[in-house]
Amino acid sequence: MIPFEYHRASSVQDALTAVADRPDAVFLAGGTNLVDHMKLGVVAPGLLVDVGHLPLTDVERLPDGSLRIGADVRNSDLAAHPIVRSHYPVLARALLSAASGQLRNLATTAGNLLQRTRCVYFQDVTTPCNKRTPGSGCSAIGGYTRYHAILGASEQCIATHPSDMAVAMAALDAVVVYLDADGEHRLPLSEFHRLPDDRPDLDTTLPRGALITAVEIPPAPDGARSTYRKVRDRASYAFALTSVAAELVIDDGTVAGARIALGGVAHKPWRATRAERDLLGQPATDDNFRAAADAELAQAEPQQGNEFKVELTARTIVATLTTLAEGRQ
């Protein structure tokens, strides 16, 4: 048993104060990822600051039509929310494809964004891992790579981000709202997670000691259709081999708007900007969907053992966009 201190925060400010002078402190909300890693010995925080009971559980419309989601909203509650189901089906489906009902009842919005990789080597403290111990090496390179990255990886790390929710939020241009000692800040989700480069131990650009308070999603464009498709080894309770969150606006058979994000293929939710650009103004056909997918994946660098993910991802993009083009969600 590794001892640690526990503090139940009475307010957002109390939480920020509690971690201000404690570099060994971490925030605890649902605990579905952090507690696992504590049990495995991957992390050993000296202080847990419980923020899971703070009043950050509202889901509300803002005056500009955006949706504000409190950091402590549970994944099950968010997936079932009427506004999410009717206006952001891609988010509802992503949430419901993740984990199990029991975990979704505990997992929070902020915690989902902050969860760490499920790479088997990261979770095995007997193996070298640059994400866990910088400079020790990457056991995944040349090892078991079925679930690893084909986009944006580096010589330091080929792990993937495990979240489904974050992929949908990336496609929806979500913004992360957080507080630190300097006040409130807003950070586009596209800039929140980071690629490994030479610092794979850093998953996000969130400053140390900052507390996420909400996520905001802009209004869906008029006529937008969205959905989420996840390919995995079994039908439930499994991480994505690849996934696609997509939103299309089609006007008279032509793509007038496209937002696409990929999961299970990179260290962060991967925004498919090349595919989006290539689709704009083009007829909404399978051939054009495939051409856009191929253009996006031209930069893929698979490892030995996960080469199949390039073709699998391309086919998943086409299938997802075809579903939307046909008016299905």
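About the thresholds
Residues numbered from 1 in each chain as written. Predicted model: local features only at pLDDT ≥ 70, side-chain atom pairs only at ≥ 80, totals over all residues. Heavy atoms only, no water. UniProt positions renumbered as here; feature names shortened; annotations may be inferred. Helix = DSSP H or I, 4+ residues; strand = E, 2+ residues; numbered from the N terminus. Patch = residues over 30% accessible without salt bridge, like charges linked within 9 Å, V, L, I, M, F, W, Y side chains within 5 Å. Areas by Shrake-Rupley, 256 points an atom, 1.4 Å probe, with all protein chains shown as cover. Salt bridge = Lys/Arg side-chain N within 4 Å of Asp/Glu carboxyl O. Buried < 20%, exposed > 50% of the residue type's maximum accessible area, 1.4 Å probe, protein only. Contact = heavy atoms within 4.5 Å. Axes fitted to C-alpha atoms, helices over the stretch in contact; angles between N-to-C directions. Parallel < 35°, antiparallel > 145°, perpendicular 65-115°, else oblique. Left-handed = near helix turned anticlockwise from the far one by under 90°. Nonpolar A, V, L, I, M, F, W, Y, C, P; charged D, E, K, R; others polar.

**What to know about the UniProt feature "domain: FAD-binding PCMH-type" (unreviewed entry) in the chain**
UniProt annotation of "domain: FAD-binding PCMH-type" (unreviewed entry) refers to residues 1-222 when read in the numbering used here. This span, residues 1-222, is 26% helix and 17% strand, and a straight line between its end C-alpha atoms measures 55 Å.

**So, a nonpolar patch on the surface**
On the surface, a nonpolar cluster with roughly 400 Å² of combined accessible area is contributed by Met 1, Phe 4 and Tyr 6. Summarising the element assignment, Phe 4 is placed in the segment before β1 (5-8). Residue classification places Phe 4 among the partly exposed residues on the basis of a relative accessible area of 35%.

**So, the environment of Phe 27**
Among the structural elements, Phe 27 can be located in strand β2 (residues 25-28). Classification of Phe 27 by relative accessible area gives partly exposed; the value is 22%. Each C-alpha atom of the pair Phe 27 and Ile 212 lies 10.0 Å from the other, and the pair is 185 residues apart in sequence. For Phe 27, the residues in contact, after removing those within four places along its chain, are Ala 15, Val 19, Leu 34, Val 49, Val 51, Gly 209, Ala 210 and Leu 211.

**With respect to the packing of helix α11 (residues 286-297) against helix α12 (residues 308-325)**
One way to put it is that α11 packs onto α12 with a least axis distance of 9 Å and a crossing angle of 140°. Considered as vectors, α11 and α12 are oriented oblique to each other. Handedness of the α11/α12 crossing: right-handed. Contacts between α11 and α12 involve Asp 286, Phe 289, Arg 290, Ala 293, Asp 294 and Leu 297 from the first element and Val 310, Glu 311, Thr 313, Ala 314, Arg 315, Ile 317, Val 318, Leu 321, Thr 322 and Ala 325 from the second. When grouped by side-chain class, the residues that make up the contact of α11 with α12 number 9 nonpolar, 2 polar and 5 charged.

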